[in-house]
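Structure at a glance
Listed here are the chains, written in short residue letters.
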Amino acid sequence: MTRAEWIEVSVIAVLAPASWLAWPYFAPTMPLWQLALSLSALLLAHSLVRDTAILLRSRMSESTGHRREAHCFCLESTIGATGVVVGVVLAALGLSIQVAIGRWYFVLGVAGTMVFAFAVKDLVISWSPLGLRREKDHLNLIVRWNSK
């Protein structure tokens, strides 16, 4: 593991248990749409912080990676954006299914979301050919929907 990955794992190890202290500030029951929206926002925020760190690190180094075109999209962003859309659709439909969130479930939800974000951080969905593949620090990819 790289130094940046160790830092990210350390941050997860600190923030996940710290969510135990944040739990009283959240409602003990929340609508399903709010739960989907919250976990998706956490996933996207985690991705944003990591991508910002990668950009800052690449600016400081002399050699920035070669940019290349690819027919793929970040899996983490795809799942996060899909969750946001699902949350908004559920809210727009007025579905108010209430979900009881205990303290342990809250901590496990935060920890699970952050660990999942770390686990899929290098995966991209490609459509030409269709599949899932690993692209380390895929910020240098330029997304192309079709061939030139």
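Our subject is the structure listed above.
Note that the coordinates shown come from a computational prediction; the quantities given were computed from them, not determined experimentally.

A few words on the side chain of H46. Along the chain, H46 falls in helix α2 (residues 32–60). Once you skip the residues sitting within four places of it in the chain, H46 turns out to touch E8, I12, M114 and A117.

In this structure, strand β3 (residues 72–74) lies alongside strand β5 (residues 123–127), joined through 3 bridges in antiparallel fashion. Bridge pairing in β5 links C72 to S126. When β5 meets strand β6 (residues 130–134), the two strands line up antiparallel, connected through 5 bridges. Among the inter-strand pairings, V124 is bridged to a residue of β6, identified as R133. Hairpin connection between β5 and β6: a loop of 2 residues separates the two successive antiparallel strands.

Glancing now at the packing of aromatic side chains. Here the structure, examined in full by the defined rule, presents 2 aromatic pairs. Judged by centre distance (4.9 Å) and plane angle (65 degrees), the ring pair of W20 and W104 falls under edge-to-face. Here the residue W20 occupies a position in helix α1 (residues 3–22), and W104 occupies one in helix α4 (residues 103–119), the gap between them amounting to 84 residues. W104 sits in the exposed class, given a relative accessible area of 58%. Between R103 and the ring centre of W20, over which it is positioned, the NZ or CZ distance is 4.7 Å. Stacked on the ring of F118, the Lys or Arg K121 has its end atom at 5.2 Å from the ring centre.

Cut-offs used in this document
Numbers given to residues run from 1 along each chain, matching the order in which its sequence is written. Note on the predicted model: pLDDT of at least 70 is required for a residue's local features to be given, and 80 or more for side-chain atom pairs to be given and counted; whole-chain, interface and lining totals, by contrast, use all residues. Side-chain figures throughout are based on the complete set of non-hydrogen atoms in the structure, without hydrogens or water. Elements are defined by DSSP. Helices are runs of H or I of four residues or more, strands are runs of E of two residues or more, and each kind is numbered from the N terminus. The contact rule is simple, with two residues in contact once any of their heavy atoms fall within 4.5 Å. Between any two strands, pairing holds if DSSP finds at least two bridges. Under the pairing criterion, centres of Phe, Tyr and Trp rings, with the six-membered ring standing for Trp, must be within 6.5 Å; the plane angle then separates stacked pairs below 30 degrees from edge-to-face pairs above 60, leaving the rest tilted. Each residue is assigned to one of three classes by its accessible area relative to the maximum for its type, calculated with a 1.4 Å probe on protein chains only: buried under 20%, partly exposed between the two thresholds, exposed over 50%. Lysine and arginine charges are scored as sitting over a ring when NZ or CZ, respectively, is within 6 Å of the ring centre and within 35 degrees of the ring normal.

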